[in-house]
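Reading the structure
Each chain is listed here by its residues.
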Amino acid sequence: PTGPWRMVSAPLVRPRRLGLGCSFASTIDPDVLGASIGRSGMLYYGGFRGGINAQKVSVSKYALRLYGGARQVTIGRRYEGANVVRRGGYYYLFVSSGSCCAGPLSGYAVFAGRSTSAFGPFVDREGVPLTASRTGGTPVLAPNGNRWVGGGHNAVFQDFGGQWWTVYHA
């Protein structure tokens with residue numbers, strides 16, 4: 001993480017046009033599956049505008065390159081802040097949704113889906129895919145009227161003692 005870093009001539013994920021004019025999909029909130037990706041791994045990126053995508057990446061000494069096609073793993077206009085972990089035979093996709101920044105009225109929350117594939121489909125506890133047109137996702141962290149509002153955009157990890165944690169802003 002301390003470098004050395006080299007400037008590249010183009011973004012890793014190029015802008016994706018959604019319509020005419022200045023209508024582009026989100027290419028925010030990148031997450032790489034796993035604690036260490038070695039020579040290859042999976043990159044998750046995107047958000048409310050256009051959905052969250054998964055795409056394979058290869059790693060060399062000075063470059064990260066996408067290969068294969070991107071697959072959309074969530075519906076657009078619903079989720080952002082993807083974080084994926086593997087536990088047992090499943091991949092768990094944690095995402096945030098709602099209004100993060102409306103003071104005491106913030107409804108930002110964390111939802112989850114799971115899959116046997118890193119590409120999905122990720123489904124909630126009722127079997128609804130996170131790509132479905134109806135609202136889905138198993139609630140993980142929801143507003144409850146306490147002093148902390150807008151809890152979301154989380155990361156899930158396992159510490160060296162084997163304990164699982166989630167960290168988030170609020």
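Further up the page is the structure itself.
Every chain is numbered on its own, with residues counted from 1 as its sequence reads. This being a predicted model, a pLDDT of at least 70 is required before a residue's local features are given, and a value of 80 or more before pairs of side-chain atoms are given or counted; all residues contribute to the totals for chains, interfaces and linings. With hydrogens and water stripped out, all remaining heavy atoms of the structure feed into the side-chain values.

1. Remarks on the packing of aromatic side chains
Ring pairs shown here join Phe, Tyr and Trp side chains whose ring centres sit within 6.5 Å, with only the six-membered ring taken for Trp; geometry is labelled stacked below 30 degrees between planes, edge-to-face above 60, and tilted in between. In this structure the tally under the stated criterion is 2 aromatic pairs. Seen from their ring centres, tyrosine 79 and phenylalanine 111 are 6.5 Å apart, and the 65° between their planes marks the pair as edge-to-face. Linking tyrosine 79 in the loop between strand 4 (64-72) and strand 5 (80-87) with phenylalanine 111 in strand 7 (residues 109-115), this pair joins segments that are 32 residues apart in sequence. The buried label goes to any residue with under 20% of its type's maximum accessible area, the exposed label to any with over 50%, and the partly exposed label to all in between, with areas taken from a 1.4 Å probe on protein chains only. Relative accessible area serves as the criterion here: at 15%, phenylalanine 111 is assigned to the buried category. Whether a charge lies above a ring is judged from NZ of Lys or CZ of Arg, which has to be within 6 Å of the ring centre and within 35 degrees of the ring normal. Across the ring face of phenylalanine 119, the terminal group of arginine 71 is positioned such that the distance to the ring centre comes to 4.2 Å. Across from the ring centre of phenylalanine 111, 4.8 Å away, lies the NZ or CZ of arginine 78, which sits over that ring. Note on conventions: DSSP H or I runs of at least 4 residues are helices, E runs of at least 2 residues are strands, and numbering of each starts at the N terminus.

2. Focus: the pairing of strand 3 (residues 51-59)
The pairing of strand 2 (residues 40-47) with strand 3 spans 8 bridges and is antiparallel. Across the sheet, residue leucine 43 finds its bridge partner in strand 3, namely glutamine 55. Only strands joined by at least two bridges in the DSSP assignment are considered to pair. Between strand 3 and the antiparallel strand that follows it, strand 4, lie 4 residues.

3. What about the sheet that holds strand 4?
In spatial order, the strands read 1-2-3-4; together these 4 strands make up an open sheet with antiparallel pairing. Only two strands of the sheet have a single partner each, and these edge strands are strand 1 (31-32) and strand 4. By the bridge criterion, 6 bridges tie strand 3 to strand 4 in an arrangement that is antiparallel. Of the residues in strand 4, the one forming a bridge with lysine 56 is tyrosine 67.

4. Topic: the side chain of aspartate 29
Considering the arrangement of structural elements, one finds aspartate 29 in the segment before strand 1. In this tally Asp and Glu are treated as negative and Lys and Arg as positive; neither His nor the chain ends contributes. Here, a salt bridge means any side-chain nitrogen of Lys or Arg that lies within 4 Å of a carboxyl oxygen of Asp or Glu. Here aspartate 29 is buried and forms no salt bridge, its nearest opposite-charge partner arginine 16 lying at an N-O distance of 11 Å. What qualifies as a polar contact is a pair of N or O atoms within 3.5 Å, subject to a donor-acceptor requirement within protein and to the restriction that residues adjacent in sequence count only when both atoms come from side chains. Within polar-contact distance, the side chain of aspartate 29 engages the backbone nitrogen of glycine 81 at 3.2 Å. In contact with aspartate 29, other than residues within four places in its own chain, are Tyr44, Tyr45, Gly46, Glu80, Gly81, Ala82 and His153. The contact criterion used throughout is that any non-hydrogen atoms of two residues lie within 4.5 Å.

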